[in-house]
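Coordinate inspection notes
Listed below, chain by chain, are the residues.
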Amino acid sequence: MRVISYNLRKHRAARELAGLVDRHGADVLCLQEVDTRDMPDMIEGLRLAQATQRNRLGLAVYYRENTFRAIDVRSLALKKSLHDRVLKPAEERMLGVRLHDIDDGREFIVASFHAAPLTALNSLRRHQIRTALAALERLGEGLPALMVGDYNYPVFKENLGQKVREQGYELSLSDSRTYTRYRFFRGHYDFATSVGFTIERVRTLPQGLSDHLPILVTAELSADAARGAA
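Residues numbered from 1 in each chain as written. Predicted model: local features only at pLDDT ≥ 70, side-chain atom pairs only at ≥ 80, totals over all residues. Heavy atoms only, no water.

1. Quick notes on the sheet that holds strand 8 (residues 107-114)
Pairing is mixed across the open sheet formed by six strands, whose spatial order is 6-7-8-9-11-10. Looking at which strands have only one partner, the edges of the open sheet turn out to be strand 6 (68-77) and strand 10 (170-172). Taken over all neighbouring pairs, the strand axes of this sheet differ in orientation by 20 degrees on average, direction set aside. On top of the sheet, helix 3 (residues 122-139) reaches strand 6, strand 7 (92-101), strand 8, strand 9 (145-150) and strand 11 (190-195); it is set at about 30 degrees to strand 7, its chief contact. Relative to the sheet, helix 4 (residues 157-166) contacts strand 10 and strand 11, its axis offset from that of strand 10 by approximately 145 degrees. (Pairing = 2+ DSSP bridges. Helix = DSSP H or I, 4+ residues; strand = E, 2+ residues; numbered from the N terminus. Axes fitted to C-alpha atoms, helices over the stretch in contact; angles between N-to-C directions. Contact = heavy atoms within 4.5 Å.)

2. Examining the environment of Leu 99
You can see Leu 99 is positioned in strand 7. A sequence separation of 27 residues divides Leu 99 from Asp 72, and the C-alpha atoms of the two residues are 7.4 Å apart.

3. Here we look at the side chain of Arg 64
With respect to the secondary-structure elements, Arg 64 resides in strand 5 (residues 57-64). Of the polar contacts made by the side chain of Arg 64, one reaches the backbone oxygen of Ala 26; its length is 2.6 Å. Setting aside residues no more than four positions away along its own chain, Arg 64 makes contact with Val 21, Gly 25, Ala 26, Asp 27, Glu 44, Gly 45 and Leu 46. (Polar contact = N/O pair within 3.5 Å; in protein donor to acceptor, adjacent residues only side chain to side chain.)

4. Quick notes on the packing of aromatic side chains
Tallying each qualifying case throughout the model produces five aromatic pairs. Pairing Phe 108 with Phe 197 gives two aromatic rings, centres 5.8 Å apart and planes at 90 degrees, and the pair type is edge-to-face. Taken together, the positions of Phe 108 in strand 8 and Phe 197 in strand 12 (residues 197-204) put the pair 89 residues apart, joining distant regions of the chain. The exposure class of Phe 108 is buried, given its relative accessible area of 2%. Ring-pair connections join several aromatic residues into one group, and the members of that group are Phe 68, Phe 108 and Phe 197. (Phe/Tyr/Trp six-rings, centres within 6.5 Å; stacked < 30°, edge-to-face > 60°. Buried < 20%, exposed > 50% of the residue type's maximum accessible area, 1.4 Å probe, protein only.)

5. Things to note about helix 3
Compared with an ideal rise of 1.5 Å per residue, which puts 18 residues at 26 Å, helix 3 spans 26 Å between its outermost C-alpha atoms and is within 8% of the ideal. The set of residues buried in helix 3 consists of Asn 122, Leu 124, Arg 125, Gln 128, Ile 129, Ala 132, Leu 133, Ala 135, Leu 136 and Leu 139. Considering only its buried residues, helix 3 is in contact with strand 6, strand 7, strand 8, strand 9, helix 4 and strand 11. (Expected span 1.5 Å × (residues − 1).)

Written out as structure tokens, the structure is:
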């Protein structure tokens, strides 16, 4: 399975999506900072599972319609930073979709995630990540899960990796930095957290119109991924 995660920078890079899906053969598309009023139902064979509703700029998840079937969707508002309380840029910061693989009958979860901005503390972002992962477990208890997105966590990633492992997940970084707008803040911002998946590679794709670079996650369900499947 090939999953692309992309922060569109206030929807500026939306016109690149069809080319990205076609060029890299994406099966799932997880987006952040999308204009939820301006998202098509289909992008190159990928159907919109859902976009968040409480803010104009939010999250969206697409899946390949001839390969998967959407079973359930859940969005989640997470603990707010001061930035969120004052400017209200994002109400819902996680959007999870439970998918059924049509060919092999297995189910799994994919999610798009967008953590609080750098003005917040790492401790708040860790709280948001922990809460989001717990919510995915409730969406499908025991199912494999893959959450990708903009974690806004450029430093002390080893500590984050340890906290994620304590919840039973693995943290995967891409092969090169994913944010380039400000020299001081350049680094890895866009990650994948997973359980029940073997992550073969996380590749940073060429930069487009966004200050974030898209990432391409190549993953397979682990041999024991049927645990808890319906």
